[in-house]
Amino acid sequence: MNTTNRARPRAILRIHFHPAERTDELYGQLLAVIDGISSRVEPLPADWSAYVDLTGALTYWGRDVEGLVAVLRLRLLALHGVQCSAGAGPTRSIAAMAADVTPPGAATVVRDNPYEIAAFLRTKPASALPGIGPKTAKTLARYGITSVGDIADTQLPTLQRILGTTAARLAHDRARGIDERPVVPGAAPRTVSAVQRFEHDELDTGRHHRAVLGLVQELGRRMRTSGEITQALTLTVTYADRTHTTRSRTLTEPTAHTPALAVTARTLLAGLGLQRARVRSFTLRAERLLPAEDTVHQLTLDHRDEKLRRLETALDKAATRYGPGAAGAASTFPRAG
């Protein structure tokens with residue numbers, strides 16, 4: 001490892017937020033709290049987390065990693081009532097692994113010294129290492145490589161024959177605590193979301209379906225009004241016990257067209273398997289927004305799509321004049337065949 005980069009210990013934080021309900025506004029407020037501690041923040045809105053480089057902030061605040069992480073967690077709880085789970089370490093991969101084994105309301109810190117790094121990494125299963133998925137872990141297990149320590153101890157040429165050159169080198173480095181990837185500061189990609197809260201915990205799957213389709217139409221109308229299109233949709237369900245399940249899906253092509261959004265939203269809803277679930281609320285989020293002029297609309301000889309777009313425009317006008325509820329839900333549109 002480059003010794004010039006090791007002149008002072010690195011401290012990378014991976015933090016996951018666990019709010020009762022998720023909104024774009026709240027996520028931005030949580031990032032602002034972190035920015036008050038360190039300006040080197042890399043947002044990861046898809047899973048309500050972020051990477052934070054605390055290296056310089058440790059000197060500025062005159063605290064060790066545990067102390068600074070405790071201050072950050074306390075501020076998030078005091079200002080917004082949001083619990084978080086946090087993992088800190090000298091690299092992105094160690095921070096991510098530490099966060100993965102940490103429950104909400106707690107923190108795991110791996111200090112930047114060879115003994116703590118080895119003690120943390122070596123006993124973890126191979127699948128815990130970032131970049132090693134279940135399929136790769138099964139492949140490694142056939143060769144008797146079942147832990148991160150096994151990966152670190154295996155000769156690189158042997159790993160390369162099993163995993164390929166690039167994947168083997170990454171796994172070998174990360175298993176030995178080597179990961180020079182920086183935290184890349186930036187604003188969270190623009191998103192827009194809509195929430196449907198039920199008066200009572202809802203078991204009726206038909207109402208679940210109608211609620212999500214209503215959110216589809218609301219998001220589509222808002223994006224069309226602002227001249228934007230989305231590249232992905234994320235659906236979060238909040239249950240009666242306030243736990244969450246989230247599903248995301250990238251669209252075939254960026255759009256704000258309600259029928260196309262409805263197809264993806266139906267797929268997400270079906271994937272949640274809510275046949276017996278008591279649902280408190282749904283949140284549908286359009287992610288990675290782009291200007292509408294960036295869309296590529298495929299030409300077709302079928303006039304059905306153009307008719308749907310004219311219907312969509314008429315419903316938008318009705319919603320603008322009489323309010324969002326007046327135009328009906330996305331069920332107005334026929335299902336894709």
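Residues numbered from 1 in each chain as written. Predicted model: local features only at pLDDT ≥ 70, side-chain atom pairs only at ≥ 80, totals over all residues. Heavy atoms only, no water.

A.B. asks: Which residues make up helix 8 (residues 156-163), and what are the values?
C.D. replies: Because each turn of an α-helix spans 3.6 residues, side chains separated by three or four positions in sequence point in the same direction. Considered for burial, the residues of helix 8 that qualify are Leu 156, Leu 159 and Ile 162. All buried residues of helix 8 fall inside an arc of 120° around its axis, so they share one side. Contacts made by the buried residues of helix 8 are with helix 6 (134-141), helix 7 (148-153) and helix 9 (165-175). One or two steps after helix 8, the chain reaches Gly 164, where phi turns positive at roughly 100°. (Buried < 20%, exposed > 50% of the residue type's maximum accessible area, 1.4 Å probe, protein only. Helix = DSSP H or I, 4+ residues; strand = E, 2+ residues; numbered from the N terminus. Arc of directions from axis to C-beta. Contact = heavy atoms within 4.5 Å.)

A.B. asks: Go over the pattern of salt bridges, please, and point to the residues and values.
C.D. replies: Overall, the coordinates contain 15 salt bridges when judged by the stated rule. Its salt-bridge partner being Glu 21, residue Arg 197 comes within 2.6 Å of it at the nearest N-O pair. Of this pair, Arg 197 sits in strand 6 (residues 192-202) while Glu 21 sits in the loop between strand 1 (12-18) and helix 1 (24-35); the two residues are 176 residues apart in sequence, bridging distant segments of the chain. Look at Arg 197 and you get partly exposed, because its relative accessible area is 45%. The class for Glu 21 is partly exposed, based on a relative accessible area of 25%. Across the pair Arg 280 and Asp 201 runs a salt bridge, and its minimum N-O distance is 3.4 Å. Placement of the pair is Arg 280 in strand 9 (residues 279-287) and Asp 201 in strand 6, with a sequence separation of 79 residues. Overall, the relative accessible area of 22% leaves Arg 280 in the partly exposed class. Salt bridges sharing common partners tie together Glu 66, Arg 111 and Glu 116. (Salt bridge = Lys/Arg side-chain N within 4 Å of Asp/Glu carboxyl O.)

A.B. asks: An account of the nonpolar core is requested, with residue identities and associated values reported.
C.D. replies: Judged by nonpolar contacts, the single largest core of 30 residues is most densely connected at Met 223, Leu 235, Leu 274 and Phe 282. Within the residue set of this core, elements represented by two or more residues are strand 6, helix 10 (205-226), strand 7 (228-239), helix 11 (258-272) and strand 9. With seven residues, the top contributor of residues to this core is helix 10. Apart from residues no more than four positions distant in its own chain, Leu 274 is found in contact with Thr 205, His 208, Val 237, Tyr 239, Leu 269, Val 279 and Phe 282. Membership of the second largest hydrophobic core comes to 28 residues, among which are Tyr 27, Val 52, Val 71 and Leu 76. (Core = buried A, V, L, I, M, F, W, Y, C linked by side-chain atoms within 4.5 Å.)

A.B. asks: Before we move on, could you go through the sheet that holds strand 2 (residues 41-44) and cite the residues and values that matter?
C.D. replies: Taken together, the five strands give an open sheet; going across it, the order is 2-3-1-4-5, and neighbouring strands pair in mixed fashion. In this open sheet, the two edge strands, each paired with only one partner strand, are strand 2 and strand 5 (107-109). With strand direction ignored, the average angle separating the axes of adjacent strands in the sheet is 15°. Pairing of strand 2 with strand 3 (residues 49-53) involves four bridges; the strand directions are antiparallel. Considered in strand 3, the bridge of Leu 44 is made with Ser 49. (Pairing = 2+ DSSP bridges. Axes fitted to C-alpha atoms, helices over the stretch in contact; angles between N-to-C directions.)

A.B. asks: Requested: an account of the side chain of His 16, with residues and values cited.
C.D. replies: Checked against the element boundaries, His 16 lands in strand 1. If we ignore the near neighbours within four places in the chain, the residues touching His 16 are Asp 47, Trp 48, Ser 49, Gln 83, Cys 84, Ser 85, Ala 99 and Asp 100.

A.B. asks: Which residues make up the environment of Pro 185, and what are the values?
C.D. replies: Counting through the fold element by element, Pro 185 comes out in the loop between helix 9 and strand 6. The exposure class of Pro 185 is partly exposed, given its relative accessible area of 38%. Separated by 144 residues in sequence, Pro 185 and Val 41 have C-alpha atoms that sit 4.8 Å apart. Beyond its immediate stretch of four places on either side in the chain, Pro 185 contacts Ser 39, Arg 40 and Val 41.

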